[in-house]
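Spelled out, the chains give:
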Amino acid sequence: GEAEYQKVKIFFKPSKKSSLKEISLKIKRHMKMYHHYFSTSDKKPGADVVVELSEKRDKWAMETYLVKRKKRLKSGVTLGKDLNQVSRLLAGKLYSFLTGKKSIFLDKLYTVCRTKRKVKELYLSNYDGSERKKLTSHGGIVLSPTVSHDNKKIAYSLIDRKGGKVSLHYLDLETGRTHIITNRHKISSGAHFIPTGDLLVTLYKSGKADIYLIDLK
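**Q** I keep staring at the sheet that holds strand β3 (residues 49–56) and nothing clicks. Help me out?
**A** Sheet strands associate in pairs through backbone hydrogen bonding, adopting either a parallel or an antiparallel arrangement. With mixed pairing, five strands are arranged side by side in an open sheet as β2-β1-β3-β4-β5. Among the strands making up the open sheet, the edge pair consists of β2 (38–41) and β5 (71–79). Adjacent strand axes in the sheet meet at a mean angle of 25°, parallel and antiparallel pairs treated alike. Here β3 pairs with strand β4 (residues 59–66) via eight bridges, running antiparallel. Bridged to Lys56 within β4 is Lys59.

**Q** Any chance you could explain unusual backbone geometry here in plain terms?
**A** A negative phi angle characterises most non-glycine residues, just as the trans form characterises most peptide bonds. One non-glycine residue, Glu131, adopts positive backbone phi at about 55°. Topologically, Glu131 is positioned in the loop between β7 (120–126) and β8 (133–134). By relative accessible area, Glu131 is classed as partly exposed at 44%. Positioned with a positive phi, Asn151 is a non-glycine residue whose angle comes to about 60°. One can find Asn151 in the loop between β9 (141–147) and β10 (153–159). A relative accessible area of 53% places Asn151 in the exposed class.

**Q** What is the right way to read a positive patch on the surface from this model?
**A** Taken together, the side chains of Arg114, Arg117, Lys118, Lys134 and Arg161 make up a positively charged region of the molecular surface. As for its placement among the helices and strands, Arg161 is situated in the loop between β10 and β11 (166–172).

**Q** Can you walk me through the pairing of strand β12 (residues 178–182) in this structure?
**A** Along any regular strand the residues' side chains alternate between the sheet's two faces. Relative to β12, β11 runs antiparallel, the two being bridged by four bridges. Counted as the bridge partner of Leu171 is Thr178 from β12. Joining the antiparallel neighbours β11 and β12 is a turn of five residues, in which Gly176 adopts a positive phi near 80°.

Rules behind the numbers
Throughout, a residue's number is its position along its own chain's written sequence, starting from 1. The model is predicted, so local features are restricted to residues of pLDDT at least 70 and side-chain atom pairs to those at 80 or more, both for listing and for counting; the totals for chains, interfaces and linings are taken over all residues. With hydrogens and water set aside, each side-chain value is computed from the structure's full complement of heavy atoms. Two strands make a pair as long as DSSP finds a minimum of two bridges between them. Only runs of H or I of at least four residues qualify as helices and only runs of E of at least two qualify as strands under DSSP, and these elements are numbered from the N terminus. Between the N-to-C directions of two axes lies an angle of 0 to 180 degrees, each axis being a line fitted to C-alpha atoms and, for a helix, fitted only over the stretch in contact. Exposure is judged per residue with a 1.4 Å probe applied to protein chains only, and the accessible area is read against the type maximum: over 50% gives exposed, under 20% gives buried, and values in between give partly exposed. Each patch groups residues whose relative accessible area exceeds 30% and which form no salt bridge, using 9 Å between like charges and 5 Å between nonpolar side chains of Val, Leu, Ile, Met, Phe, Trp and Tyr. To measure how exposed things are, a 1.4 Å probe is used in the Shrake-Rupley method; for residues, cover is taken only from the protein chains shown. One speaks of a salt bridge when a side-chain nitrogen belonging to Lys or Arg is within 4 Å of a carboxyl oxygen belonging to Asp or Glu. Think of it this way: Lys and Arg go in the positive column, Asp and Glu in the negative one, and His and the chain ends go nowhere. To locate a charge, take NZ of a lysine, CZ of an arginine, CG of an aspartate or CD of a glutamate.

Pasting the structure below:
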């Protein structure tokens, strides 16, 4: 059979300071996203990694020590009063130090969610779904969002609740404004951005579906 992967055990040095306790707990929760590779331990003996956090006047520092390799890294100073944001930044630095790769902790999610009015709007949240923010207020059904390669626009289909008409829109993420791309044709599928910033869309014209390239500039 295949050899079982040995998880890296991480130990956080305890602190009496309430803010450091909270940050440690938040970082542990973030690291659970990679639970196949890491585990957190309440005991220092047997730990592969020892992490010590410090804070002074909203300046946060993290020192990470690899026990077997006897290698130590100081993360530098992370500024901030938002403990959620600080924990994501520090967790990202810890993950990068241990793997040499970028974490998902600072990534954002664009999702479609049902509101209390039984409509579906576009939302932005953190990678774990926290701090969700509504981006559109159409009062209809938003479908199939797609993000441009430069992360400046999101295109999506919109079904009108009254007449059932389907239109294609995009949201400018820099200004927060929404724009209609087309509402003159029946749209059979969602849009797709190509690297140039143009949009590929399937439209029905004269009873026939074809793929069109739309310039949003």
